[in-house]
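The primary structure of each chain is shown beneath.
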Amino acid sequence: MAGIGPMDPLRQSPFSESSQRSSSRCPPCEMLGYVGIEAVLDQLKIKAMKMGFEFNIMMVGQSGLGKSTMVNTLFKSKVWKTTPPGLGGPMAQTLQLHSVTHVIEENGVKLKLTLTDTPGFGDQINNDKCWEPILGYINEQYERYLQEEILITRKRHIPDTRVHCCVYFMPPTGHCLRPLDIEFLQRLSQTVNVVPVIARADSLTIEEREAFRRRIQHNLKAHCIDVYPQQCFDEDVNDRILNSKIRERIPFAVVGSDQEHLVNGRCVLGRKTKWGIIEVENMAHCEFPLLRDLLIRSHLQDLKDITHYVHYENYRVCRLNSSHVLPRGPGWVNLDPPPTRPPGTPGPSKISRRRRTHDNTTEEY
């Protein structure tokens, strides 16, 4: 049997003539309705959904405070493996940083989520300078972005691995900030957006939780620690009102759980105890919904903007001021020194003067 060859360009479908007649009666362009400048928002939305979003979070705190569980609770998925109590390996002797990246898609929106954990932080007897690896990692991501940015031929989209938010877990001691907490927050709050939280808040009563919060707020103010959202970055009245309410509740008292339980005929995330079930998403039990709204619902883009326009800009200015020590990577060009005067500007005219010497001769100077 002969195979089917390419379609003969002269052979036309019986529907082609009728389609041509119908198309000739239709206008070449159809009006889609009202056109206004707000259509730019639709264009930006379509383009953003095609590119997707990137968000990088760092979790810092001692072991056993529920950092991995909190991440799984935030995004309602197993983005980080949790270790059952008593089955963990040997405690790390030094601070190590582990990062994992997931692509989460919801309703056509793609989010490239990078999570960085810091096992070993604050677990040793001597915790001197245990924040230096964390600070070095944050600056390393700034350096990577800077090296891509200063190339002659830059990528259309520079991969963004900069840490947009650092969630700092404080143990529920009920007293005040420890010296380790103060040192860490003082150094890191100038480099990255820091959101402090009270971990395992279900171990405190409501009265103990409020008293602990007031002491922490007093310590932050006494040591000039400016955590996110910073008051100096409030852009308008609405931002000021919203962020003021958030600042009154920081640090958030949170409880994390990725286990579902049946309560009054509905499934809820919570921790089951012999006294009852602590519902994670119930504001009467903990303030996890406030943390989730801050990181995802209301301030995700603002966290990225402050990282780019404030923290990264500060790092970039410092590095370019000391540009003589920048590594000469591929694509680097040594620029000629700028001209001392604009091109085309005539130089200073030479004025010749004469003076008489002792032997009655003259010379120019």
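Residues numbered from 1 in each chain as written. Predicted model: local features only at pLDDT ≥ 70, side-chain atom pairs only at ≥ 80, totals over all residues. Heavy atoms only, no water.

Asker: Can you lay out unusual backbone geometry for me, pointing to particular residues and giving the numbers?
Answerer: Trans peptide bonds make up most of the peptide bonds, and negative phi angles are found at most residues other than glycine. Geometrically, the link from Tyr228 to Pro229 is a cis peptide bond, its omega value of 0° lying close to zero. Mapped onto the fold, Pro229 is located in the loop between helix H6 (206-222) and helix H7 (237-249). Between Ile250 and the following residue, Pro251, the backbone shows a cis peptide bond with an omega angle of 5°. We note that Asn107 has phi near 55°; this positive angle belongs to a residue other than glycine. Along the polypeptide, Asn107 turns up in the loop between strand E2 (98-106) and strand E3 (109-117). A positive phi angle, near 55°, is found at Asn264, a position not held by glycine. Residue position: Asn264 is located in the loop between strand E7 (260-263) and strand E8 (266-273). Residue Asn264 is classed as exposed on the basis of its relative accessible area of 76%. (Helix = DSSP H or I, 4+ residues; strand = E, 2+ residues; numbered from the N terminus. Buried < 20%, exposed > 50% of the residue type's maximum accessible area, 1.4 Å probe, protein only.)

Asker: Got a sec to walk through the packing of aromatic side chains? Specific residues and values, please.
Answerer: Evaluated as defined, the whole model comprises six aromatic pairs. Between the aromatic rings of Tyr142 and Tyr315, the centroid separation amounts to 5.6 Å while the plane-to-plane angle is 40°, which identifies the pairing as tilted. Separated by 173 residues along the polypeptide, Tyr142 in helix H4 (residues 132-149) and Tyr315 in helix H9 (residues 300-321) bring together distant segments of the chain. Its relative accessible area of 0% is what places Tyr142 among the buried residues. Ring centres of Tyr168 and Phe184 lie 4.7 Å apart, and the angle between their planes is 15°; on these two criteria the pair is classed as stacked. Of the two residues, Tyr168 is situated in strand E4 (residues 165-170) and Phe184 in helix H5 (residues 179-188); the sequence distance between them amounts to 16 residues. Of the two residues, Tyr168 and Phe184, both sit in the buried class. (Phe/Tyr/Trp six-rings, centres within 6.5 Å; stacked < 30°, edge-to-face > 60°.)

Asker: An account of helix H2 (residues 39-51) is needed here, citing residue identities and associated values.
Answerer: If you check H2, its first and last C-alpha atoms are 19 Å apart, about what 13 residues at 1.5 Å a residue would give, namely 18 Å. In terms of burial, H2 is largely open, as just zero of its 13 residues are buried. In the segment just after H2, Gly52 is the residue with positive phi, at about 85°. (Expected span 1.5 Å × (residues − 1).)

Asker: Quick rundown of the side chain of Asp234? Include the residues and the values.
Answerer: Mapped onto the fold, Asp234 is located in the loop between H6 and H7. Separated by 2.7 Å, the side chains of Asp234 and Asn243 make a polar contact. Residues within four places of Asp234 in sequence aside, it is in contact with Asp239, Arg240, Asn243 and Arg247. (Polar contact = N/O pair within 3.5 Å; in protein donor to acceptor, adjacent residues only side chain to side chain. Contact = heavy atoms within 4.5 Å.)

Asker: Help me get a handle on the packing of H4 against H9, residues and values and all.
Answerer: Following both chains from N to C, one finds H4 and H9 inclined at 75°, their axes separated by 10 Å at the closest point. Viewed along their axes, H4 and H9 adopt a mutual orientation that is roughly perpendicular. Residues Asn139, Tyr142, Glu143, Tyr145, Leu146 and Glu149 of H4 pack against Thr307, His308, His311, Tyr312, Tyr315, Arg316 and Arg319 of H9. A breakdown of the residues in the contact of H4 with H9 according to their chemical character gives five nonpolar, four polar and four charged. (Axes fitted to C-alpha atoms, helices over the stretch in contact; angles between N-to-C directions. Parallel < 35°, antiparallel > 145°, perpendicular 65-115°, else oblique. Nonpolar A, V, L, I, M, F, W, Y, C, P; charged D, E, K, R; others polar.)

Asker: Before we move on, could you go through a nonpolar patch on the surface and cite the residues and values that matter?
Answerer: A cluster of nonpolar side chains, namely Val40, Leu41 and Leu44, defines an oily patch on the protein surface of about 290 Å² accessible area. With respect to the helices and strands, Leu41 occurs in helix H2. You can call Leu41 exposed: its relative accessible area is 58%. (Patch = residues over 30% accessible without salt bridge, like charges linked within 9 Å, V, L, I, M, F, W, Y side chains within 5 Å. Areas by Shrake-Rupley, 256 points an atom, 1.4 Å probe, with all protein chains shown as cover. Salt bridge = Lys/Arg side-chain N within 4 Å of Asp/Glu carboxyl O.)

Asker: Residues and numbers for the sheet that holds strand E9 (residues 276-279), please.
Answerer: The strand order across the open sheet formed by three strands is E7-E8-E9, and the pairing between neighbours is antiparallel. Each edge of the sheet is formed by a strand with only one pairing partner; in this case those strands are E7 and E9. Within this sheet the neighbouring strands show an average axis-to-axis angle of 70°, counted without direction. One ladder, built from four bridges, connects E7 with E8; its direction is antiparallel. Residue pairing across strands places Val263 opposite Arg266, the latter belonging to E8. (Pairing = 2+ DSSP bridges.)

Asker: I'd love a proper account of the nonpolar core, names of residues and values included.
Answerer: In terms of nonpolar packing, the biggest core is built from 71 residues, with Phe121, Ile134, Phe184 and Phe252 touching the most fellow members. Setting aside residues up to four positions removed in sequence, Phe252 forms contacts with Val195, Pro196, Val197, Ile198, Arg213, Ile246, Glu287, Leu290, Leu291 and Leu294. (Core = buried A, V, L, I, M, F, W, Y, C linked by side-chain atoms within 4.5 Å.)

The analysis is restricted to geometry; functional conclusions fall outside its scope.
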